[in-house]
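Analysis of the macromolecular model
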Amino acid sequence: MIVLLCGLSGAGKTTLARTIKNKLDADGTSAEIIDGDEYRGNLFKELGYSREDRMENIRRMGFIARKFSRQGIVTIVSAINPYAQARAELLSRYPDVFTVHVDCPVDVLIGRDTKGFYAKALLPDEHPDKIKNLTGINDQFDIPATPDVYINTHVNSIDDCSNMLYNFIINAKKPVYEF
Ligand SMILES: Nc1ncnc2c1ncn2[C@@H]1O[C@H](COP(=O)(O)OP(=O)(O)OP(=O)(O)O)[C@@H](O)[C@H]1O
Ligand SMILES: Nc1ncnc2c1ncn2[C@@H]1O[C@H](COP(=O)(O)OS(=O)(=O)O)[C@@H](O)[C@H]1O
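Residues numbered from 1 in each chain as written. Chains lettered and ligands numbered in written order. Predicted model: local features only at pLDDT ≥ 70, side-chain atom pairs only at ≥ 80, totals over all residues. Heavy atoms only, no water.

The protein carries the name Adenylyl-sulfate kinase in an unreviewed UniProt entry, which gives Mucilaginibacter pedocola as its organism. Recorded in UniProt for the protein, the comment headed Sequence similarities (unreviewed entry) runs: "Belongs to the APS kinase family." Under the heading Pathway (unreviewed entry), UniProt records this for the protein: "Sulfur metabolism; hydrogen sulfide biosynthesis; sulfite from sulfate: step 2/3." (UniProt positions renumbered as here; feature names shortened; annotations may be inferred.)

This is how it looks when you write it as structure tokens:
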């Protein structure tokens, strides 16, 4: 199965992906994480943050994820994945995709600001360091209308969030059709 985490930067996707992979490893279930930062930094270096590049980023991650999931590996795609169109494309292309909205209020994310991006996005327009396309501040995020799982990392602890998602993964079994 492909577990498509989506949510704003700092919402907790990487934290949850790693925690869940550890849990799955511990019970003997193969798992792999396809992480936006990791793939962008190593394989997709030419991609930026325009709509077109984000769409392409998700297309590529989905393609790779399917290679793993076909082998029975629980494949967690951890990326902001902001567009309904990109998510719908993966859902229509692959038979084993589950969407997980990792949610957290923007004001809490501005407080977490683990990478300093929110402070830069909130700088005045004329500031040379201003980020002009940070998802959730000045770039689009389409809230998933019907996610398979909704997780709010502001109201639930890391333990509770990862247990919720882990339980979903081990119970969910969509048939995987060959094509
Ligand atoms: N319930 C929670 N679940 C996950 N992370 C949490 C939770 N509560 C607090 N956090 C904290 O929020 C931060 C989330 O950072 P993380 O890198 O996982 O986010 P991300 O969504 O992967 O961001 P990015 O898109 O920038 O990679 C971590 O510092 C983590 O400790
Ligand atoms: N303008 C930006 N918007 C969002 N993330 C950014 C931006 N610039 C740099 N980043 C970094 O790139 C990561 C997001 O990459 P992805 O998850 O791969 O994004 S996605 O939009 O194409 O799905 C964030 O974790 C953050 O570290």
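A word on the site of ligand 1
Near ligand 1 lie 19 residues; those nearest to it are Ser 9, Gly 10, Thr 14, Thr 15 and Lys 115. Here Gly 10 contributes a backbone N or O atom positioned 2.7 Å from an oxygen atom of ligand 1. Between an oxygen atom of ligand 1 and a main-chain N or O atom of Ala 11, the distance comes to 3.3 Å. Against a free-state accessible area of 640 Å², the protein chains account for coverage of 79% of ligand 1. Its atoms largely coinciding with the cavity grid, ligand 1 occupies the largest pocket. Elements supplying a minimum of two residues to the shell around ligand 1: α1 (13–26) and α7 (158–171). At four residues, α1 tops the list of elements feeding residues into the shell around ligand 1. Grouping the constituent residues of the shell around ligand 1 by class yields six nonpolar, nine polar and four charged. (Near = heavy atom within 4 Å. Polar contact = N/O pair within 3.5 Å; in protein donor to acceptor, adjacent residues only side chain to side chain. Areas by Shrake-Rupley, 256 points an atom, 1.4 Å probe, with all protein chains shown as cover. 1 Å grid on protein atoms, 1.4 Å probe; cavity = no way out; pocket = protein on both sides within 12 Å on 5 of 7 lines; lining within 4 Å. Sits in = over half its atoms within 2 Å of the grid points. Helix = DSSP H or I, 4+ residues; strand = E, 2+ residues; numbered from the N terminus. Nonpolar A, V, L, I, M, F, W, Y, C, P; charged D, E, K, R; others polar.)

Considerations on the layout of surface pockets
Where empty space is left can be seen by rolling a probe of water-molecule size over the atoms. If you add up the space inside the largest pocket, you get close to 730 Å³. Lining of the largest pocket is provided by 34 residues; of these, Ser 9, Lys 13, Asp 37, Ile 80 and Lys 115 occupy positions nearest its centre. Elements with a contribution of two residues or more to the lining of the largest pocket: α1, α2 (36–42), α3 (51–70) and α7. Residue contributions to the lining of the largest pocket peak at four residues, all from α1. Of the residues assigned to the lining of the largest pocket, the class counts are twelve nonpolar, 15 polar and seven charged. Roughly 180 Å³ of internal volume is contained in the second largest pocket. As for the second largest pocket, its lining consists of Ala 84, Arg 87, Ala 88, Leu 91, Thr 99, Ile 143, Pro 144, Ala 145, Thr 146, Pro 147 and Asp 148. (Points joined across faces, edges and corners; volume = space filled by probe spheres on them.)

Notes on the sheet that holds strand β5 (residues 149–152)
Pairing in this open sheet of five strands is parallel, and the strands run β2-β3-β1-β4-β5 from one edge to the other. Looking at which strands have only one partner, the edges of the open sheet turn out to be β2 (31–35) and β5. Taken over all neighbouring pairs, the strand axes of this sheet differ in orientation by 20° on average, direction set aside. The sheet contact formed by strand β4 (residues 97–103) and β5 spans four bridges and is parallel. Residue pairing for β5: Val 102 is matched across the bridge by Ile 151. Each of β1 (2–6), β2 and β3 (74–78) touches α3; the most contacted strand, β2, lies at about 175° to it. In the packing of helix α4 (residues 84–93) onto the sheet, contacts are made with β1 and β4, and the angle to β4 comes to roughly 155°. (Pairing = 2+ DSSP bridges. Axes fitted to C-alpha atoms, helices over the stretch in contact; angles between N-to-C directions. Contact = heavy atoms within 4.5 Å.)

Digging into the environment of Ile 158
Examined against the element boundaries, Ile 158 turns out to sit in helix α7. Note: C-alpha distance between Ile 158 and Thr 15 (143 residues apart in sequence) is 7.9 Å. What Ile 158 contacts, discounting residues up to four positions off in sequence, is Thr 15, Leu 16 and Thr 19.

Observations regarding the environment of His 154
With respect to the helices, strands and loops of the structure, His 154 is situated in the loop between β5 and α7. Exposure remark for His 154: the relative accessible area of 45% places this residue in the partly exposed category. His 154 has contacts with Asp 103, Cys 104, Pro 105, Val 108 and Arg 112, leaving out every residue within four places of it along the chain. (Buried < 20%, exposed > 50% of the residue type's maximum accessible area, 1.4 Å probe, protein only.)

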